[in-house]
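Inside the fold
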Amino acid sequence: MKLGFNILLGGGLTALVIVGGLLAPWLAPFDPVLDANLMNAELPPDSTFWFGTDSQGRDVYSRILYGAQISLTVGIVSQIINTLIGVALGISAGYWGGWWDDLVNGLTNVMLAIPSLIFALAVMAVLGPGLISLLIALGLTNWSWTCRIARSSTLSLKSQGYVQAAQTLGYGDIRIMMTQILPNIMGPILVMATLGMGAAVLAEAALSFLGLGIQPPYPSWGSMLTDARELIRLAPWAAIFPGLAIFLSVLGFNLLGDGLRDSLDPHMRTRKA
Amino acid sequence: MTEPLLDVRNLDLVLSRRGGNVPILQDISFQIMPGETYGLVGESGSGKSVTSLAIMGLLKKPLKVSGGQVVFQGQDLLKLRPRRMRDLRGDRVAMIFQEPMTALNPLSTVGRQIAEMYVLHQGKSWREARRLAIDALDSVKVPNPERRVGNYPHQMSGGLRQRVVIAMALACDPDLLIADEPTTALDVTVQAEVLRLIKELCAARGTAVLFISHDLGVIASICQRVGVMYAGCLVEENDTVALFSNPRHAYTRGLMGALPRLGSRLTHGRQRLVDIDSVIADRSVLTKTRFITPRGAANGESA
Amino acid sequence: MLQFTIRRILQVIPTILVVALLIFVIFSVVPGSFAASLFSDGRTTANPEMIAQLNRELGLDLPLPQRFLNYVMDLAHLDLGTSFRTRQPVLQLINDRMWASLQLAVAAMIFAVVIGVPLGFTAAMRPGSILDSVTMIGAVSGLSMPQFWLGLLLMYLFALQLGWLPSFGYGDGSLRNLILPAITLGVTPLALLARTTRAGVLDVMNADFIRTAHAKGMSESKVVRWHVARNALVLVVTTVGLQFGSMIGQAVVIEKLFAWPGIGSLLVDSVAIRDIPVVQGTILVIVLWFLLINTAVDLIYAAIDPRIKQR
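Here the structure is a predicted model, which means the values were calculated and not measured. Here, residues in each chain are numbered from 1, in the same order as that chain's written sequence. Throughout, the order in which chains and ligands are written sets their labels, letters from A for the former and numbers from 1 for the latter. Totals for whole chains, interfaces and linings use every residue, but because this is a predicted model, local features are given only for residues with pLDDT of at least 70 and side-chain atom pairs only at 80 or more, for both listing and counting. Each side-chain value is worked out from all heavy atoms of the structure, with water and hydrogens disregarded.

**Considerations on the overall build of chain C**
Here a helix means four or more residues in a row that DSSP labels H or I, a strand means two or more in a row labelled E, and each is numbered from the N terminus. The helix and strand tally for chain C stands at twelve helices and zero strands. In terms of principal-axis extent, the alpha carbons of chain C reach across some 85 × 55 × 30 Å. We call a residue buried when its accessible area falls under 20% of the maximum for its residue type, exposed when it is over 50%, and partly exposed in between, using a 1.4 Å probe and counting protein chains only. Looking at chain C as a whole, 52% of its 311 residues are labelled buried. The contact criterion used throughout is that any non-hydrogen atoms of two residues lie within 4.5 Å. In chain C, of all internal contacts separated by at least 6 residues, the share reaching a separation of at least 24 is 73%. Accessible areas in this description were obtained via Shrake-Rupley with a 1.4 Å probe; residue shielding takes into account the shown protein chains only. Just so you have it, chain C exposes about 14,100 Å², and 66% of that area is on carbon and sulfur atoms. Counted as positive: Lys and Arg. Counted as negative: Asp and Glu, with His and the chain ends omitted from the count. Where a charge lies is defined by one atom per residue type: Lys uses NZ, Arg uses CZ, Asp uses CG and Glu uses CD. Averaging the positions of the 22 positive and the 17 negative side-chain charges in chain C gives two centres separated by 11 Å.

Structure follows, in structure tokens:
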């Protein structure tokens, strides 16, 4: 079945990135920062340097493995922040309604009006470059869709029997939101978070590429491409492999997200004739 | 005796899968005379709608006809070239679907959607077709047809929309109209009006009707002859009056038992409203018994 | 329709005001004033008097609400302030750069629509076919591709190796300079358009009114022309509008990569030197563009779909 294929390939690629990142200290033959040696600069891939070396003679393969740590951290942490914000605002807005709902709705609309990369850029401009800034910037930019989905699902769940039953039993609002509503909207939220991870990895790469994210010499895939850009004529491998790493990991998250959505969405199931 | 307009002979239909075919319809045979109104009744999933789609040649992929003939005006529709079938569809055999809400394109005016019929089948210009569409709306008693012709479906009530669908179906004066649960989605009061409209229009034009419904009351009020379908088989067929006065198949009796009757108490004694399963113990036996009464031999003298 | 149009256009104003406030607030919490960062080069700390002097000049010594009020008043007069760095009016800086950006965005969108929509359409006509599978795999790949990497590879191949096209810059504004950046920027919307078009067409094809159309005796090609195309168009138009927004965001990176003199590269350069008025102004203009495009899309949408106007 096709949906199984998406989850399988997506999960496989994601697992590859996770394993690569976690085991980087053991898998990487060289240190990503310290093993710079201008004698080895711009060497094409060979048996020592599998993916070649960059302008300072560092091993591209080792740097990609360590880069996975940064991409994963950014992807996971920023999505946790996004999901927390989006779910908290969305559920409470949908459940309580009234002025709070209007406020959240307005805020969501404003956030959707600002292209997310532009917003992240603005936050980076304020906070300055670095990993923490990246986590905050990307954690604050992408919650609007999650919020919308959480809100609309909450609205439809609110009128369901078991939620009303819980209200009749005198459960507190927060308790109802946590125990009756949250578990029932986990599916779409999970899909959004998975797809969001791909988007966050892409955004991190773009910001680092622009020199506003992770600063050299630390091996972010994006900043590796900044370096590689200058010498692409001499050492194209230094550009090809980090980009491929970004591409495959984002592809992994996207396929996983699509696969999850397909298996959760009743719309996709074969309808009876 | 006159030739039947539609003669369905031993129609078999399957859902083809990689593992093998799943039978959907088995050995369906019935005839509709010119101008006659024939009812097909049965619970949902019994194969009524699929039968109508098979006649129209509108079956979608996993479904396919595996045997039998559908003879319409002397030619087997199943053997017809797609092009010829297309010309026939809408022109000689027209269809009304259940959902007036979704059967019309929401982004197109109703006038345009009716006009398409005249452009397609009678080669009229759009301008001319639009005028004919106004007449068609008038004939199905849509008030203010000149104004309504420019309406979009969402600007109309369900009843009006179904009238539009009827106007569309009858636009080219077909010889056979297939009405698949045309009133099920409507309010009860509107239901009666629409039903009367179909009855009147078809009587006036001599159009034969294949009327499909799960509602015995509706069937009784409009059809001359009724076929009862169960699990892909035609299990009983008779003239309407005979069928209702003397249902012979256990399933038919079950269907009738499930009808609420005015004045009966729902929970007491013999007049309890029964569900079909409580009447029928073993469903698999049902498809093996058949009670087909030939035309004219009413009141079940032969089986 | 006119009333609807006016209402939609008026709805842009509160949004843009809130965005202005949001941006203003964000940049008011900048740790360390701009003046301080301007005078310190890392080795020496700035003279406090000079900082105070500059702050006064730039109006940064006033209380926050007062500053925001001034800011909005200036906005109403189409005054976006002056650049800290060049002392030029921000509006002029933006105006100098905006048209190149627009040119790039429009070219990229045309590329995406012209290829993506027919691709999605043909794929939907034959679901499960090889073309369909290839399109879908291509689409998810396109969506996962870091655009600037693709741009880098295209640059390497077509400019540096083959020498067919210039590798970067605006040149004399000819099409040759536009091709590579436009294709690079267009890949993501292309992939998304192919995907949504396919999904939209498939959705329409399964609708009841398509069955009605077949029952009317319509040929397949007429069904597609009379009923499928128009209905699927609604989704395409929406996607194009939404994609414009994220494309403006992506353009920032692509402009930087190809040294394209647009507002995107202006924004990045200004962020790097913390030229806050320019950053604020650029973001505001980008958001305004995005909102205007979305409004236009809503209007087109309303023209196609008669149900919208009633809401």
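**Focus: the overall build of chain B**
A tally of helices and strands in chain B yields twelve helices and eleven strands. Intrachain contacts of chain B at a sequence separation of at least 6 include 67% that bridge at least 24 residues. Of the roughly 13,900 Å² that chain B leaves accessible, carbon and sulfur atoms contribute 50%.

**As for the pairing of strand 7 (residues 176-180) of chain B**
Residues and elements named next belong to chain B. Among the five residues of strand 7, five are classified as buried, and the element is accordingly described as predominantly covered. By the convention used here, strands pair only if DSSP detects at least 2 bridges between them. Inspection of the sheet shows strand 6 (residues 93-96) paired to strand 7 by four bridges, in the parallel sense. Pairing of Met-95 across the sheet is with Ile-178, part of strand 7. The pairing of strand 7 with strand 8 (residues 208-213) spans five bridges and is parallel. By the bridge assignment for strand 8, Leu-176 is matched with Ala-208. In this region the chain leaves strand 7, passes through helix 7 (residues 188-205) and returns to the parallel neighbour strand 8; the handedness of that crossover is right-handed. For a crossover, the right-handed case is the one in which the path from the first strand over the helix to the second runs clockwise, viewed with the strands pointing away from the viewer.

**Brief notes about the confidence of the model for chain C**
Residue and element names in this part refer to chain C. pLDDT measures how confident the predictor is about each residue, on a scale from 0 to 100. Here chain C shows a mean pLDDT of 82. Residues at 70 or above account for 90%. Summarising per-element confidence for chain C, the mean pLDDT is lowest in helix 2 (residues 34-39) (55) and highest in helix 5 (residues 90-125) (90). Scoring of the predicted complex yields 0.80 for pTM and 0.83 for ipTM.

**Digging into the interface of chain C and chain A**
Facing the 40 residues of chain C at the interface are 39 residues of chain A. At the boundary of chain C with chain A, total buried surface from both sides reaches about 3,700 Å², with 79% on carbon and sulfur atoms. Think of a salt bridge as a Lys or Arg side-chain nitrogen and an Asp or Glu carboxyl oxygen that are within 4 Å of each other. The tally of links between chain C and chain A comes to one salt bridge. For Arg-195 of chain C, the salt bridge goes to Asp-258 of chain A, with nearest N and O atoms at 3.0 Å. Here a polar contact means two N or O atoms within 3.5 Å. Within protein one must be a hydrogen donor candidate and the other an acceptor candidate, and residues neighboring in sequence count only if both atoms are side-chain atoms. Run the count over chain C and chain A and you get four residue pairs in polar contact (both at pLDDT 80 or more). Of all elements in the fold, only helix 1 (2-28), helix 6 (130-144), helix 7 (147-161), helix 8 (175-205), helix 10 (220-257), helix 11 (263-273) and helix 12 (276-304) of chain C reach the threshold of two or more residues within the side of chain C that touches chain A. For the side of chain C that touches chain A, the leading source of residues is helix 10 of chain C, giving eight residues. Gly counts as polar in this scheme, as do all residues outside two lists: the nonpolar Ala, Val, Leu, Ile, Met, Phe, Trp, Tyr, Cys and Pro, and the charged Asp, Glu, Lys and Arg. Considering only residue class, the side of chain C that touches chain A consists of 30 nonpolar, six polar and four charged. Two parts placed together each lose some accessible area under a 1.4 Å probe, and adding up what both lose gives the buried area.

**Considering the sheet that holds strand 7 of chain B**
All names here are of chain B. Spatially, seven strands are ordered 6-7-8-3-9-10-11 in an open sheet, and the strand pairing comes out mixed. The open sheet terminates on both sides in strands that have one partner only, identified here as strand 6 and strand 11 (291-292). Bridge analysis of strand 9 (residues 225-230) against strand 10 (residues 233-239) gives six bridges, and the strand direction is antiparallel. Looking at strand 10, one finds that Val-226 is bridged to Asn-238.

**What about the packing of aromatic side chains?**
Each aromatic pair joins two rings of Phe, Tyr and Trp (for Trp, the six-membered one) with centres within 6.5 Å, and gets the label stacked for planes under 30 degrees apart, edge-to-face for over 60, and tilted for any other angle. A complete count under the given rule lists five aromatic pairs over all chains for this structure. A ring pair is formed by Phe-209 of chain A and Phe-148 of chain C, whose centres lie 4.4 Å apart and whose planes are at 25°; its orientation type is stacked. Of this pair, Phe-209 of chain A sits in helix 9 (residues 173-209) while Phe-148 of chain C sits in helix 7, on two different chains. The class of Phe-209 of chain A is buried, set by a relative accessible area of 4%. Judged by relative accessible area, which is 3%, Phe-148 of chain C ranks as buried. Both a distance and an angle decide whether a charge sits over a ring: NZ of Lys or CZ of Arg must be within 6 Å of the ring centre and within 35 degrees of the ring normal. Arg-175 of chain A extends its terminal NZ or CZ atom over the ring of Tyr-171 of chain A, reaching a point 3.9 Å from the ring centre. In this structure, Arg-112 of chain B packs its charged tip against the face of Trp-226 of chain C, placed 4.9 Å from the ring centre.

**Here's the deal with the interface of chain C and chain B**
It is common to report an interface's size as the accessible area lost on association of the parts. Each partner contributes residues to the interface: chain C has 23 residues there, and chain B has 28 residues. For the pair chain C and chain B, the two sides together bury roughly 2,200 Å², of which 60% comes from carbon and sulfur. For the pair chain C and chain B, the number of links is one salt bridge. Across the pair Glu-116 of chain B and Lys-216 of chain C runs a salt bridge whose closest N-O atoms are separated by 2.7 Å. Inspection of the region where chain C meets chain B yields eleven residue pairs in polar contact (both at pLDDT 80 or more).

**Overview of the pattern of salt bridges**
A side chain with one charge may pair with a side chain of the opposite charge, provided their charged atoms come close. Residues and elements named next belong to chain B. The tally for this structure, following the rule as stated, stands at 17 salt bridges over all chains. Note that Arg-112 is salt-bridged to Glu-116, the shortest N-O span being 3.5 Å. Of this pair, Arg-112 and Glu-116 both sit in helix 3 (residues 110-122), four residues apart, which is roughly one turn of the helix. We classify Arg-112 as partly exposed; its relative accessible area is 28%. With relative accessibility at 0%, the residue Glu-116 sits in the buried group. Glu-193 is the salt-bridge partner of Arg-163, the closest N and O atoms lying 3.0 Å from each other. Taken as a pair, Arg-163 in helix 6 (residues 158-170) and Glu-193 in helix 7 lie far apart in primary sequence, 30 residues in all. By relative accessible area, which is 10% here, Arg-163 ends up buried.

**A look at a nonpolar patch on the surface**
Residue and element names in this part refer to chain A. Excluding any residue in a salt bridge, patches collect residues exceeding 30% relative accessible area, merging like charges within 9 Å and nonpolar Val, Leu, Ile, Met, Phe, Trp and Tyr side chains within 5 Å. Together, Ile-18, Val-19, Leu-22, Leu-23, Trp-26 and Leu-27 make up an exposed nonpolar region whose accessible area comes to about 610 Å². When contributions to the nonpolar patch are tallied by element, the ones reaching two or more residues are helix 1 (2-22) and helix 2 (24-27). Within the secondary structure layout, Leu-23 lies in the loop between helix 1 and helix 2. Classification of Leu-23 by relative accessible area gives partly exposed; the value is 38%.

**Some words on the side chain of Asp-180 of chain B**
With respect to the helices and strands, the residue Asp-180 of chain B is situated in strand 7. Ignoring anything within four residues of it in the chain, the contact list for Asp-180 of chain B reads Ser-49, Ser-52, Met-95, Ile-96, Phe-97, Gln-98 and Ile-212 of chain B.

**Description of helix 7 of chain C**
Since one α-helical turn is 3.6 residues long, residues separated by three or four positions face the same way. What a helix should span is 1.5 Å times the count of its residues minus one. The end-to-end C-alpha separation of helix 7 of chain C is 20 Å, in line with the 21 Å expected for 15 residues at 1.5 Å each. Bend at a residue means the angle formed by two fitted axes: the first through the 7 residues ending at that position, the second through the 7 residues beginning there. The largest bend along helix 7 of chain C measures about 25° and falls at Met-155 of chain C. Buried within helix 7 of chain C are the following residues: Gln-147, Phe-148, Trp-149, Leu-150, Gly-151, Leu-152, Leu-154, Met-155, Tyr-156 and Ala-159 of chain C. Summarising the contacts, the buried residues of helix 7 of chain C are in contact with helix 9, helix 10 (221-230) and helix 11 (237-264) of chain A together with helix 8 and helix 10 of chain C. Gly-163 of chain C occupies a position one or two residues after helix 7 of chain C and carries a positive phi of about 70°.

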